[in-house]
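# Overview (structure and organization)
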Amino acid sequence: MVKSINTKVDLAVEATWFRGIPSYGKVMIGDKAFEFYNERNVGDFVQIPWDEVTYVVADVHFHGKYIPRFEIRTRQNGNFIFATKDPKKSLRAIRKYVPASHMRKSLSLWQGLKQRFTHRKK
């Protein structure tokens, strides 16, 4: 069993980690790190310290009514995509440790297409 980095846990909720094949487990948001643990496979976990997080990008639909997933971008280890049972509560707990200027909404389908075509013209 992996030892948790956190000394205090703010939120523990069921979640899915998307990394090719989805991995199901629990997300723990605490004072030191964002942690994902798979309950069935002990070796399937990720611990992301708050000082390693650069951005948190949420996929927002219907003016904030539906948030299917969010992505945590790190300095060295790449991007991690998660979906939780209650994403609004998860993002509010993350907001305590990540500055508001580093929490973003992802581009919509039309914004992404527009960006691709306007960059090609230059």
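We now turn to the structure provided with this report. A quick note: this is a predicted structure, and the numbers were derived from the prediction, not measured. (Residues numbered from 1 in each chain as written. Predicted model: local features only at pLDDT ≥ 70, side-chain atom pairs only at ≥ 80, totals over all residues. Heavy atoms only, no water.)

## So, the side chain of Thr16
Where we set the bar: For helices the rule is a DSSP run of H or I covering at least 4 residues; for strands it is a run of E covering at least 2, with both sets numbered from the N terminus onward. By definition in these notes, contact holds between two residues if any of their heavy atoms fall within 4.5 Å.
Topologically, Thr16 is positioned in strand β1 (residues 9-18). Those residues in contact with Thr16 that lie beyond four places of it in its chain are Pro22, Ser23, Tyr24, Phe36, Ile81, Phe82 and Ala83.

## Here we look at a positive patch on the surface
Spelled out, the test is: Two joining distances apply to patches: 9 Å for like charges and 5 Å for nonpolar side chains (Val, Leu, Ile, Met, Phe, Trp, Tyr), and every residue must have over 30% relative accessible area and no salt bridge. The protein chains shown are the only cover counted for residues, whose accessible areas, like all others here, come from Shrake-Rupley with a 1.4 Å probe. When a carboxyl oxygen of Asp or Glu lies within 4 Å of a side-chain nitrogen of Lys or Arg, that pair is called a salt bridge. The sign given to each residue is positive for Lys and Arg and negative for Asp and Glu; His and the chain ends receive no count. Charge positions are represented by NZ for Lys, CZ for Arg, CG for Asp and CD for Glu.
Taken together, the side chains of Lys65, Lys88, Arg92 and Arg95 define a basic patch exposed on the protein surface. Of note, Arg92 is situated in helix α1 (residues 87-95).

## Observations concerning the pattern of salt bridges
Rules: Residue exposure (1.4 Å probe, protein chains only): buried if accessible area is under 20% of the type maximum, exposed if over 50%, otherwise partly exposed.
What the rule picks out here adds up to 4 salt bridges. The partner of Lys8 in a salt bridge is Asp10, and the shortest N-O contact between them spans 3.6 Å. A relative accessible area of 24% places Asp10 in the partly exposed class. Between Asp59 and Arg69 there is a salt bridge, with its nearest N and O atoms 2.7 Å apart. Taken together, the residues span a long stretch of sequence, with Asp59 in strand β5 (residues 53-61) and Arg69 in strand β6 (residues 66-74) at a distance of 10 residues. According to the relative accessible area criterion, Arg69 is partly exposed, its value standing at 36%.

## Describing the layout of surface pockets
Filter applied, for reference: Using a grid of 1 Å spacing that covers the protein atoms alone, one calls a set of points a cavity when a 1.4 Å probe fits there but cannot get out, and a pocket when the set is open and has protein on both sides within 12 Å along at least five of seven lines; lining residues are those with an atom within 4 Å of a point. Grid points are joined across faces, edges and corners, and a volume is the space filled by probe spheres set on the points. Just so you know the grouping, Ala, Val, Leu, Ile, Met, Phe, Trp, Tyr, Cys and Pro go in nonpolar, Asp, Glu, Lys and Arg go in charged, and all remaining residues, Gly too, go in polar.
If you add up the space inside the largest pocket, you get close to 300 Å³. Lining the largest pocket we find 13 residues, and of these Ala58, Val60, Ile67, Leu91 and Met103 sit closest to its centre. Counting residues per element, the lining of the largest pocket draws most heavily on α1, which supplies 4 residues. Taken together, the residues of the lining of the largest pocket sort by class into 7 nonpolar, 1 polar and 5 charged. Put simply, the second largest pocket is a space of about 210 Å³.

## Considering the nonpolar core
Which entries qualify depends on this criterion: Side-chain atoms within 4.5 Å are what join buried Ala, Val, Leu, Ile, Met, Phe, Trp, Tyr and Cys residues into a set we call a nonpolar core.
In this structure, Phe34, Phe70, Phe82 and Ile94 are the most contacted members of the largest nonpolar core, which totals 23 residues. Where this core is concerned, the elements lending two or more residues are β1, β2 (23-30), β3 (33-37), β4 (45-49), β5, β6, β7 (79-84) and α1. At 4 residues, the largest contribution of residues to this core is made by β1. Excluding its chain neighbours within four sequence positions, the residues that come into contact with Phe70 are Phe34, Val56, Val57, Ala58, Phe80, Ile81, Phe82, Thr84, Ser90, Leu91 and Ile94.

## Regarding unusual backbone geometry
Phi angles above zero are rare outside glycine, and Phe62 is one such case at about 55°. Relative to the helices and strands, Phe62 is located in the loop between β5 and β6. Unusually for a residue other than glycine, His63 sits at a positive phi of about 55°. Assignment of secondary structure puts His63 in the loop between β5 and β6. Overall, the relative accessible area of 85% leaves His63 in the exposed class.

## Quick notes on the sheet that holds β3
Counted only if it meets this: Being paired, for any two strands, means DSSP has found at least two bridges between them. Angular values range over 0 to 180 degrees, each being the angle between N-to-C directions of two axes fitted as lines to C-alpha atoms, with helices fitted over their stretch in contact.
With mixed pairing, 8 strands are arranged side by side in an open sheet as β4-β3-β2-β1-β7-β6-β5-β8. Of all the strands in the sheet, just β4 and β8 (103-105) have a single pairing partner and so form its edges. Across the sheet, the mean angle separating the axes of adjacent strands is 30° when strand polarity is ignored. Packed onto the sheet, α1 meets β1, β2, β3, β5, β6, β7 and β8 and runs at close to 30° relative to β6.

Without other data, these values stay purely geometric and don't point to any function.
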